[in-house]
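# Secondary and tertiary structure notes
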Amino acid sequence: MLSCSLGSQWNNFQTVSLLFRQRQATIQQLDHIFQHYSNGIMSSFATKAKVVFVLGGPGAGKGTQCSRIADRFRFTHLSTGDLLREEGSREGSQYGTMIEEHMRDGKILPVDVTCSLLEKAIKSSGNSMFLIDGFPRNQDNLDGWNRRMSSKVDMQFVLFFDCTEEDCVKRCLKRGLNGSGRIDDNLETLKKRIQTYNKHSLPIIQYFQGTGQIKTIDAGPDADQVFSQVESAFLASGF
Ligand SMILES: Nc1ncnc2c1ncn2[C@@H]1O[C@H](COP(=O)(O)OP(=O)(O)O)[C@@H](O)[C@H]1O
Ligand SMILES: Nc1ccn([C@@H]2O[C@H](COP(=O)(O)OP(=O)(O)O)[C@@H](O)[C@H]2O)c(=O)n1
């Protein structure tokens, strides 16, 4: 029986080498044994991608902190909102109108659209560590992820940026005034985004609190202070 541990793989190679030196196996037999063992070695390296979900209200600072985490810990930052905006503005996209309407109304898109974009981005990234920012944002997102992706990756934990509604609104409005160009950084849409967050996203955060997978960050202080909490959370998880 072949074992996948590197120690026993090394022993296997030593055995093959001994057989060869003692001329006790034909080249064909040795080739067969070599292929068998090297497949075992490859599978011991082929680990699943690591995923951290990043949640919090609109404007809580998820994107700001994700780009710092990506620099510091070599994660790839996948902003679900950015992927959707990109898809929405792609010429010929069948989802353009749907994405624009949902975003303007502060509504969450069907998971099949979002999950396909995430899966494509994960596959083409060349990395094995991902921050999935703004997802899963409702039960449909979570169910779709569990159906399509959860067995293909290792979810590490959920980083939750805890921010008051007042700060969230202020930050989004300022982001809009500073020229974000986003169709949803205005007071009217923000009210709807906050409603959606309270009704659909908070239950998901509570679900992860129940499973013990949440790391809560106080998102109120300035970005440097928030990052020092974030950094401690990643270091404590072995990153
Ligand atoms: N800790 C913070 N304090 C004040 N403003 C912040 C902080 N973190 C981010 N911001 C600003 O708030 C706005 C929203 O931040 P962003 O990271 O885009 O949030 P999200 O990705 O959660 O929507 C941005 O203009 C950003 O510069
Ligand atoms: N999982 C997600 C994430 C975002 N979205 C859409 O994208 C919009 C913007 O999301 P975002 O993550 O860029 O922005 P914030 O609301 O976090 O600031 C949301 O209001 C939704 O309309 C979605 O449908 N599904």
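Residues numbered from 1 in each chain as written. Chains lettered and ligands numbered in written order. Predicted model: local features only at pLDDT ≥ 70, side-chain atom pairs only at ≥ 80, totals over all residues. Heavy atoms only, no water.

Identification of the protein chain as UMP-CMP kinase from Drosophila pseudoobscura pseudoobscura is taken from an unreviewed UniProt entry. Quoted verbatim from the Sequence similarities (unreviewed entry) field of UniProt, the annotation for the protein chain is "Belongs to the adenylate kinase family. UMP-CMP kinase subfamily." Note on the protein chain: under the UniProt heading Subunit (unreviewed entry), the record states "Monomer." (UniProt positions renumbered as here; feature names shortened; annotations may be inferred.)

## Section: the state of the cysteines
Overall, the coordinates contain zero disulfides when judged by the stated rule. For the unlinked cysteine Cys163, the closest cysteine sulfur is that of Cys168, found at 3.8 Å. (Disulfide = S-S within 2.5 Å.)

## Looking at helix 5 (residues 96–104)
Within helix 5, the full set of buried residues consists of Gly96, Ile99, His102 and Met103. Each buried residue of helix 5 lies within a common arc of 140° when the element is viewed along its axis, so the set occupies one face. On the buried face of helix 5, the contacting elements are helix 4 (80–89) and helix 9 (187–211). Backbone geometry just after helix 5 places Gly106 at a positive phi near 65°. (Buried < 20%, exposed > 50% of the residue type's maximum accessible area, 1.4 Å probe, protein only. Helix = DSSP H or I, 4+ residues; strand = E, 2+ residues; numbered from the N terminus. Arc of directions from axis to C-beta. Contact = heavy atoms within 4.5 Å.)

## Section: the site of ligand 2
Around ligand 2 there are 20 residues in total, and Lys62, Arg85, Lys107, Leu109 and Arg137 lie nearest to it. Take Arg137: an N or O atom from its side chain is 2.8 Å from an oxygen atom of ligand 2. Here an oxygen atom of ligand 2 and a side-chain polar atom of Arg193 are 2.9 Å apart. Where the shell around ligand 2 is concerned, the elements lending two or more residues are helix 4 and helix 5. (Near = heavy atom within 4 Å. Polar contact = N/O pair within 3.5 Å; in protein donor to acceptor, adjacent residues only side chain to side chain.)

## What to know about the UniProt feature "binding site: ATP" (unreviewed entry) in the protein chain
Under the UniProt annotation, the feature "binding site: ATP" (unreviewed entry) is placed at Gly59, Ala60, Gly61, Lys62, Gly63, Thr64, Arg175 and Pro221. Position of Gly59 among the secondary structure elements: in the loop between strand 1 (49–56) and helix 3 (62–73). Residue classification places Gly59 among the buried positions, given a relative accessible area of 14%. Looking at the element boundaries, Pro221 is found in the loop between strand 5 (214–218) and helix 10 (223–236). The class of Pro221 is partly exposed, set by a relative accessible area of 24%. Apart from the residues within four sequence positions on either side, Pro221 is in contact with Arg171, Val226 and Gln229.

## Describing the UniProt feature "binding site: CMP" (unreviewed entry) in the protein chain
UniProt annotation of "binding site: CMP" (unreviewed entry) refers to Asn141 when read in the numbering used here. Take Asn141: it is sitting in helix 7 (residues 139–148). Of the residues examined, Asn141 reaches a relative accessible area of 2% and is grouped as buried. Apart from residues no more than four positions distant in its own chain, Asn141 is found in contact with Ile108, Leu109, Val111, Phe135 and Pro136.

## What about the pattern of salt bridges?
In total, this model carries 17 salt bridges according to the counting rule given. Where Lys107 meets Asp105, a salt bridge forms, and the shortest distance between an N and an O atom there is 4.0 Å. For Asp105, a relative accessible area of 31% translates into the label partly exposed. Three or more residues are tied together by salt bridges with common partners; here these are Asp112, Glu119, Lys123, Arg148 and Lys152. (Salt bridge = Lys/Arg side-chain N within 4 Å of Asp/Glu carboxyl O.)

## Structural notes on the packing of helix 3 against helix 10
When two helices pack together, their arrangement is given by the angle between their axes and by how far apart the axes lie. Taken N-terminus to C-terminus, the directions of helix 3 and helix 10 make an angle of 50°; their axes are 10 Å apart at the nearest point. Relative to helix 10, the element helix 3 lies oblique. Of the two possible hands of crossing, helix 3 and helix 10 adopt the one that is right-handed. Here helix 3 contributes Thr64, Gln65, Arg68, Ile69, Arg72 and Phe73 to the contact with helix 10, which in turn contributes Ala223, Asp224, Val226, Phe227, Val230, Glu231, Phe234 and Leu235. Considering only residue class, the contact of helix 3 with helix 10 consists of eight nonpolar, two polar and four charged. (Axes fitted to C-alpha atoms, helices over the stretch in contact; angles between N-to-C directions. Parallel < 35°, antiparallel > 145°, perpendicular 65-115°, else oblique. Left-handed = near helix turned anticlockwise from the far one by under 90°. Nonpolar A, V, L, I, M, F, W, Y, C, P; charged D, E, K, R; others polar.)

## Brief notes about the pairing of strand 3 (residues 129–133)
Most of strand 3 is tucked away: five of the five residues are buried. Here strand 3 shows a buried face lined by Met129, Leu131 and Asp133 and a second buried face lined by Phe130 and Ile132.

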